[in-house]
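Observations on chain architecture
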Amino acid sequence: MKAIVRKSIGVLIAVLCITQYGHTQDLLPGLRVWGNFQVDAQYYMSDTLIDAPDVPEKIGMNAFANLNLAYENLTIGFRYESYQLPLQGFDSRFRGSGIPYRFASWTQDNLEITVGNFYDQYGNGLVLRSYVEPNLGLDNSLDGVRMLYRPVEGITLRTLIGDQRLYFDKGPGIVRGADAEANLNQLLPALAESPNQLTLGLSGVSKFQRDQDPLFNLPENVAAFAGRLNYSRGAFNINTEYAWKSQDPSAENRMIYKYGEALVMSASYSVSGFGLLLSGKRIDNMGFRSNRNAVANDLHINYLPAMTRQHVYSLTGMYPYATQPNGEMGALAELTFRLPRQSLLGGPYGTTIVVNTSVANSILREALNDTLPVGQPGTDGYTSAFFALGDEKYFQDFNVEINRRFTRNLRGSFTYMNLYYNQNVIEGKQLPDEDKIVKAHIFVADMTLRLPNRQSLRWELQHLATQQDKGSWAMALLEYNRAPHWFFALSNQYNYGNDDSDKRIHYFMVNAGYSQNANRFSLGWGRQRAGIVCIGGVCRVVPASYGFTLSVTSSF
Amino acid sequence: MMSRKKIATVLLLLALPVLVFWGCDKIEEPYMKQPGENGNTEEVVRKILLEEFTGHRCPNCPQGAQMAKLLKSVYGDRLVTVSIHAGFFSNPLSSPFNYDFRTPEGNALNAHFGVVQNPTGMVNRTEFEGSRLLSPAAWGSAMTVFEDMDPGFALRLSASKGSAASYSLAVEVEALQEMQGDFYLVAVIIEDGIIKPQKTDDLVNHPTGEILDYEHNHVLRTGITGIWGEKLNENSMDVGQKVAKSYTFTLNSQWVPENCSVVAYVMNPQMEILQVEELKLP
């Protein structure tokens, strides 16, 4: 570890020395240099009322900087990361500093080669998605070799091999993958002018991990395969992908040998002022990691999309959905339409309405025989008919959002959300049946008033009504913006409906920020309530905290 | 139009994903390995301590206990298990889940190692594939690391019964190699065969999600030493150097003496377990 840190710091100093020439472009005409920097720090203060843990080190900090250089067909880059110590809620294995991501990439005659670290995604990600999401503490980048080749117009071939990042280390498995995609309209001259656009794709990904287990005969090579199709004609689009995975007993599926499968389908129609999206999916035992023993967000090879709306407001986002890789069926429908301006309902400036609903449910699992329980380790686990629903609902969301401009300077967004949320499934709690479901009605009003001299005032009023979990919440926010530099915000979330009167707590927050071109500074003070944050169905637990926060971002 | 050669090349390249797909192993039943010789031996070997963090309200935990039992069939006396009830899933509920297996020692270990989910375990408190806290699926693989490892210490335990529920314990620690560093001795009491309700996710055999007559084994009852141990030496121990320690302790009247054992282990300052022994109380 120390050697890695020393090497990393050496590389960093060397690159910084190069860039300290300042006008690097002058040194080598055609050279491009770009990058970005972000630091998030927090000073923790004790607050027993909200169960904010006492943090002995007082300060946590997550920071990273990307630096990339490109010259003609060659691009090189790296990311330096530092966690001193990691912010609360991030895995303690991040502690330290180093360069976990570095690469060189070049293109020659339709062949693109990358060595070092890289990210990639095949289709919807059902068999491979390597990506970074700093807010989740997730980075499953591959370290190895990647090739992309376009032998003829309309054909893209990709292959890769590498091991995956695990904090400042690597996972024990090796990932191998290949993907072929054919755009038939580009490939076949007869279809070049066709209004029907068709793209087909085929992916295969396998992993190798040695079998060291004294109990189980484990497959050392596990493969997953996917086929996909994308069809569009004018405003109409269909995208679908089916994936299948070979035997992969793991910590996630509790050592069962059943094969995995997943199907996602999505159809959309969109014209000016009207949009309709319909999606559906079925997932069965489709967790796929380069270490069969990995848990939490470690070493995912694939990505299983959440078919639920990603809400942006504090209270509509309080109970987000986490994809269940061991099995779920889900559907989403979203209708967007615009009421024209100067109409009775649309008002003088028009009104946009979004109606969205989604549901996620268990799949039907049946025991292999009368004696084995469902999911018994060391067996095929269970059987499951493809279209059979289980009897447990995981999540349901119905929401309506209305966006309307009232006057030239005043506009508003109003949301109603009806929520059904199974805490035992989504958060892994073990609550009795009568407590495990949260049913909530949530209302949000978000108004913005434009003021003279590039100033604006924005305020939010939110309310979450529920009898379950921590009870009802109310929230208010007031934000003053003075473009292009300053913003100030005050907010308070009040858990007034908590059954425990001692827990009827105000979570206040004060924020101020300053932006100067590509630099942004933000300072905050207040309480952060405990909860979970999810991005695309992948989640991280956020513990309660109290104190000061500092965030700085910069890019060049 | 594409030439035939080009078409053949494209088709060949399109087959790449299929080639990857073919590279998977098909395991035929039975999926479980047949138990070989277990670890029972008269020789001094490097033994393995499995610390299993569990709770009676945790439906997944019986599967962790089952995994520990399966591993015992492989490793025999070479494997010592301590089940630590601590954290959210161990908090008492209303009857019949109103009993409390938590201990100050278990709570301290739970907090120190940052256990947030059950079941989880540590194998000799040593990192395996980047983590000390391991899901049950990883326990067996983590144990194989110690199979061919020479022991650094021999631990010899003897216990005798005194008056009423009091006992004496004598521990002798002998260095079998030149051992650099400070070392600590920890001794605890565990109890087997406690019949108390347990939550389960096996809804086929237990539709209510509860096993009312569940047998809890290896339950950590109390420490004889402090849980962070008693220091054995300064800086190093020479080959053959021995350190003897003796303790007296009293069993709680609620515990069944015939089902109780002493578990003693030697650890380094990083708390990695270097040797462990288990002795049933007389």
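Looking only at helices and strands, one finds 5 helices and 17 strands in chain B. Here the C-alpha radius of gyration of chain B, 24 Å, is well above what a compact globule of 282 residues would show, namely 19 Å. In chain B, buried positions account for 40% of the 282 residues. Restricting to contacts in chain B with at least 6 residues of sequence separation, those with at least 24 account for 71%.

Counting secondary structure elements, chain A contains 5 helices and 31 strands. Seen through its C-alpha atoms, chain A measures out along the principal axes to roughly 75 × 60 × 55 Å. Here chain A holds 556 residues, and the buried ones make up 35% of them. Intrachain contacts of chain A at a sequence separation of at least 6 include 57% that bridge at least 24 residues.

What follows concerns helix α5 (residues 136-144) of chain B. Burial of α5(B) is extensive: 8 of the 9 residues sit out of reach of the surface. Those residues of α5(B) hidden inside the fold are in contact with β1 (48-54), α3 (61-75) and β3 (120-123) of chain B.

Looking at chain B as a whole, the pLDDT averages 89, with 92% of positions reaching at least 70. Reported confidences for the modelled complex are a pTM of 0.86 and an ipTM of 0.79.

The subject of this paragraph is the sheet that holds strand β15 (residues 242-250) of chain B. The strands making up a sheet associate through hydrogen bonds between their backbones, and the pairing can be parallel or antiparallel. Residue and element names in this part refer to chain B. Reading across from one edge, β4-β5-β15 is the order of the 3 strands in this open sheet, with antiparallel pairing throughout. Taken across any chain shown, the strands that pair with only one partner, and hence form the sheet edges, are β4 (153-161) and β15. Each neighbouring strand pair of the sheet contributes to a mean axis angle of 15 degrees, computed without reference to strand direction. In the sheet, strand β5 (residues 166-175) pairs with β15 via 9 bridges, with the strands oriented antiparallel. If you follow Ala170 over to β15, its bridge partner there is Ser246.

All names here are of chain A. Per-residue pLDDT for chain A averages 92, and the proportion of residues at 70 or more is 95%. Below pLDDT 50 for its whole length, residues 1-9 participates in 10 contacts with residues either more than four positions away or in separate chains. Counting interchain partners and residues more than four positions distant, the pLDDT-below-50 stretch residues 15-24 has 6 contacts.

Here we take up the pairing of strand β16 (residues 236-245) of chain A. All names here are of chain A. Alignment of strand β15 (residues 221-233) against β16, held across 10 bridges, turns out to be antiparallel. Considered in β16, the bridge of Arg228 is made with Glu241. Where β15 folds back onto β16 in an antiparallel hairpin, the turn is made up of 2 residues, including Gly234, whose phi is positive at roughly 60 degrees. When β16 meets strand β17 (residues 260-271), the two strands line up antiparallel, connected through 10 bridges.

Now for unusual backbone geometry. Following A:Gln84, the chain continues to A:Leu85 via a peptide bond in cis, the omega torsion being -20 degrees. Of note, A:Leu85 is situated in the loop between β3 (74-83) and β4 (96-108). Here the residue pair B:Asn118 and B:Pro119 is connected by a cis peptide bond, since its omega of -5 degrees sits within 30 degrees of zero. Not every positive phi belongs to a glycine, and A:Asn453 is a case in point at roughly 60 degrees. Along the polypeptide, A:Asn453 turns up in the loop between β23 (437-451) and β24 (455-466). Judged by the 6 C-beta atoms lying within 10 Å of it, A:Asn453 falls in the exposed class. Even without glycine at this site, B:Glu129 takes up a positive phi of about 50 degrees. Locating B:Glu129 in the fold gives a position in the loop between β3 and α5.

Residues and elements named next belong to chain A. Checked against the element boundaries, Ser232 lands in strand β15. For Ser232, a count of 15 C-beta atoms within 10 Å corresponds to the partly exposed category. Here the alpha-carbon distance between Ser232 and Ile283, two residues 51 residues apart in the chain, equals 25 Å. Contacts of Ser232, omitting those with residues within four sequence positions, involve Gln197 and Asn237.

The subject of this paragraph is the packing of α3(B) against α5(B). A packed helix pair is summarised by two numbers, namely the angle formed by the two axes and the spacing between the axes. All names here are of chain B. The geometry of α3 relative to α5 is characterised by a closest axis approach of 9 Å and an angle of 20 degrees between their N-to-C directions. With respect to their mutual orientation, α3 and α5 come out roughly parallel. Judged by the twist between their axes, the crossing of α3 over α5 is right-handed. Residues Gln63, Gly64, Met67, Leu71 and Tyr75 of α3 form the contact with α5, whose participating residues are Pro136, Trp139, Gly140 and Met143. When grouped by side-chain class, the residues that make up the contact of α3 with α5 number 6 nonpolar, 3 polar and no charged.

Residue and element names in this part refer to chain A. Pairing geometry for strand β27 (residues 506-516) and strand β28 (residues 519-528), over 8 bridges, is antiparallel. Within β28, the residue paired with Gln516 across the bridge is Asn519. The hairpin formed by β27 and β28 contains 2 residues between the paired strands, and Asn517 there has a positive phi angle of roughly 55 degrees. One ladder, built from 10 bridges, connects β28 with strand β31 (residues 545-555); its direction is antiparallel.

Quick look at the environment of A:Lys393 now. All names here are of chain A. With respect to the helices and strands, the residue Lys393 is situated in strand β21 (residues 389-405). When the 16 C-beta atoms within 10 Å are taken as the criterion, Lys393 is described as partly exposed. Sequence separation between Lys393 and Ala360 is 33 residues; the distance between their C-alpha atoms is 6.4 Å. Ignoring sequence-local partners within four residues, the contact set of Lys393 consists of Asn361, Tyr420 and Asn422.

Turning our eyes to something else, we now look at α3(B). Residues and elements named next belong to chain B. In this model α3 runs 21 Å from its N-terminal to its C-terminal C-alpha over 15 residues, within 8% of the 21 Å that 1.5 Å per residue would give. Within α3, 11 of the 15 residues are buried, which leaves the element mostly enclosed by the surrounding structure. For α3, every residue scored as buried is listed here: Cys61, Gln63, Gly64, Ala65, Met67, Ala68, Leu70, Leu71, Lys72, Val74 and Tyr75. Buried residues belonging to α3 abut β1, β2 (79-85), β3 and α5.

The next subject is the environment of B:Asn259. For B:Asn259, the location among the structural elements is in the loop between β15 and β16 (260-267). For B:Asn259, the residues in contact, after removing those within four places along its chain, are B:Glu191, B:Asp192 and B:Gly193.

Conventions adopted
- Residues numbered from 1 in each chain as written.
- Chains lettered and ligands numbered in written order.
- Predicted model: local features only at pLDDT ≥ 70, side-chain atom pairs only at ≥ 80, totals over all residues.
- Helix = DSSP H or I, 4+ residues; strand = E, 2+ residues; numbered from the N terminus.
- Rg over C-alpha atoms; globule rule 2.2 N^0.38 Å.
- Buried ≥ 20, exposed ≤ 12 C-beta atoms within 10 Å, placed from the backbone.
- Contact = placed C-beta atoms within 7 Å.
- pLDDT = per-residue confidence, 0-100.
- Pairing = 2+ DSSP bridges.
- Axes fitted to C-alpha atoms, helices over the stretch in contact; angles between N-to-C directions.
- Parallel < 35°, antiparallel > 145°, perpendicular 65-115°, else oblique.
- Left-handed = near helix turned anticlockwise from the far one by under 90°.
- Nonpolar A, V, L, I, M, F, W, Y, C, P; charged D, E, K, R; others polar.
- Expected span 1.5 Å × (residues − 1).

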